[in-house]
Amino acid sequence: MFSVLIPSYNNLEYLKVCIDSLIKNSKFNHQIIVHINEGSDGTLDYIKNSNIEYTFSQQNIGMPKALNLSSKKAKFDYILISHDDFYYCPNWDIVFDQEIKLIKHKDFYFSGTMVGEGQVKFDAGTNLENFDEDKLLNNLKKIQTFNFQGTTKCPGLIHKDLWNRVGGWSEEFSPTGGDDTDFAMKLWKSNVRIFKGLGSCSVYHFGSITTRKKDKKFFTYLGSRGNKIFLKKWGYSINFFEKFFLKSGLDKKKKLIFNEYNGPLTTPKKNFSFYFELFKSKLQLLYLNLFNFYY
């Protein structure tokens, strides 16, 4: 069983669907912990009346702080990081459980496969009003894919001991932007080499309906800000780390790199492309340092 951490920010109707799918489509009885940011839309009352565990902040404290705070209530060995606009498909937790039993150690980061706008393109609706649950479930076996290299980051499964070892998520990235890749980097620095996306662990994603579609300009700003923080912290860009270390990320056309999983990751090959992209990262870093960039 897993402790499922769900940060939510005034997104009650999607949160209800997420929680209902976890209850309906899970084999095991998982611990659900919601962090409520503000909750001015009735989320706080709903969670209290549903007897679901939660943490609460009067302001939006963002993803890293919400995850760290809610993780303190985790009672199971495995922590699942979730968004509140996911619909969990049947057998999602069985797939994770089978992988855990196969690996027999704690140093891994598994993730599910996002259906919709993620790894698998499939239209079962763009919002709750036109969500076609039957269409999704009737086609589930057809849209399941291979296990892939790297990580979608959410839904992401990790052992609680490893979570504690790396100190959870880095709060300097709050409210969000770059925080998920920073978490992967901290795992890499802690000698984790198994970053594995599970092709038959499916969640339908409504396209980050929570905040991204409410204010696209602000989210673009957060992404740029997060990359700058990451660059100053680690010495190279998010794209560089994802491409050469995780063998994932985005290609030049901004499309997801989707490589079939073939075992633990290894040290990147230092070829011309590696050094050229590294040089570009160092130039960016020099620029930030010269102009004393503050984030």
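Please refer to the structure placed before this passage.
A. Looking closely at the side chain of H159. You can see H159 is positioned in strand β9 (residues 156-159). Of the polar contacts made by the side chain of H159, one reaches the backbone nitrogen of D161; its length is 3.0 Å.

B. Expanded view of the pattern of salt bridges. The tally for this structure, following the rule as stated, stands at 10 salt bridges. For K106, the salt bridge is made with D161, and the minimal N-O distance between the two is 2.5 Å. Residue K106 is found in the loop between α4 (92-103) and β6 (109-116), and its partner D161 is found in helix α7 (residues 160-166); the two are separated by 55 residues along the sequence. When the shortest N-O distance is used, the salt bridge between R165 and D107 registers 3.2 Å.

C. Structural view of unusual backbone geometry. Cis geometry marks the peptide bond from C154 to P155, where omega comes out at -5°. Among the structural elements, P155 can be located in the loop between β8 (148-149) and β9. Along the chain, S174 connects to P175 via a cis peptide bond; the corresponding omega equals 10°. Structurally, P175 is set in the loop between α7 and α8 (179-189). Despite not being glycine, N51 shows a phi value in the positive range, around 55°. Structurally, N51 can be placed in the loop between α2 (43-49) and β3 (53-57). Assessed through its relative accessible area of 72%, N51 is described here as exposed.

D. Structural detail: helix α11 (residues 272-290). Here α11 spans 27 Å end to end across 19 residues, near enough to the 27 Å set by a 1.5 Å rise per residue. Among all positions of α11, only F274, E277, L278, S281, L285 and L288 are buried. In a view along the axis of α11, the buried residues occupy a sector of 105°, so they form one face of it. Projecting away from the buried face of α11 at angles above 90 degrees are the exposed residues F272, Y287 and L290.

E. Local environment of the packing of aromatic side chains. As enumerated under the stated definition, the model contains 27 aromatic pairs in all. Taking the centre distance of 6.2 Å and the plane angle of 85° together, the rings of F2 and F96 count as edge-to-face. Residue F2 is located in strand β1 (residues 2-9), and its partner F96 is located in helix α4; the two are separated by 94 residues in the primary sequence. Residue classification places F2 among the buried residues on the basis of a relative accessible area of 2%.

F. Main features of the environment of S26. Examined against the element boundaries, S26 turns out to sit in the loop between α1 (12-24) and β2 (31-37). Taking relative accessible area as the criterion, S26 reaches 15% and is therefore assigned buried. Linking S26 and Q58, residues 32 residues apart in sequence, is a C-alpha distance of 31 Å. In this view, S26 contacts S21, W92 and D93; residues no more than four positions away in its chain are not counted. Side-chain polar atoms of S26 contact the backbone oxygen of L22, separated by 2.4 Å. A polar contact is formed between the side chain of S26 and the side chain of W92, at a distance of 2.9 Å.

G. Just the pairing of strand β4 (residues 78-81), in detail. Alternating residues of β4 divide into Y78 and L80 and I79 and I81, and every residue in both groups is buried. When β1 meets β4, the two strands line up parallel, connected through 4 bridges. Looking at β4, one finds that S3 is bridged to I79. Strand direction decides the pairing type here: β4 and β9, joined by 4 bridges, are antiparallel. The residue bridging I81 from the neighbouring strand is G156, located in β9.

Rules of the game
- Residues numbered from 1 in each chain as written.
- Predicted model: local features only at pLDDT ≥ 70, side-chain atom pairs only at ≥ 80, totals over all residues.
- Heavy atoms only, no water.
- Helix = DSSP H or I, 4+ residues; strand = E, 2+ residues; numbered from the N terminus.
- Polar contact = N/O pair within 3.5 Å; in protein donor to acceptor, adjacent residues only side chain to side chain.
- Salt bridge = Lys/Arg side-chain N within 4 Å of Asp/Glu carboxyl O.
- Buried < 20%, exposed > 50% of the residue type's maximum accessible area, 1.4 Å probe, protein only.
- Expected span 1.5 Å × (residues − 1).
- Arc of directions from axis to C-beta.
- Phe/Tyr/Trp six-rings, centres within 6.5 Å; stacked < 30°, edge-to-face > 60°.
- Contact = heavy atoms within 4.5 Å.
- Pairing = 2+ DSSP bridges.

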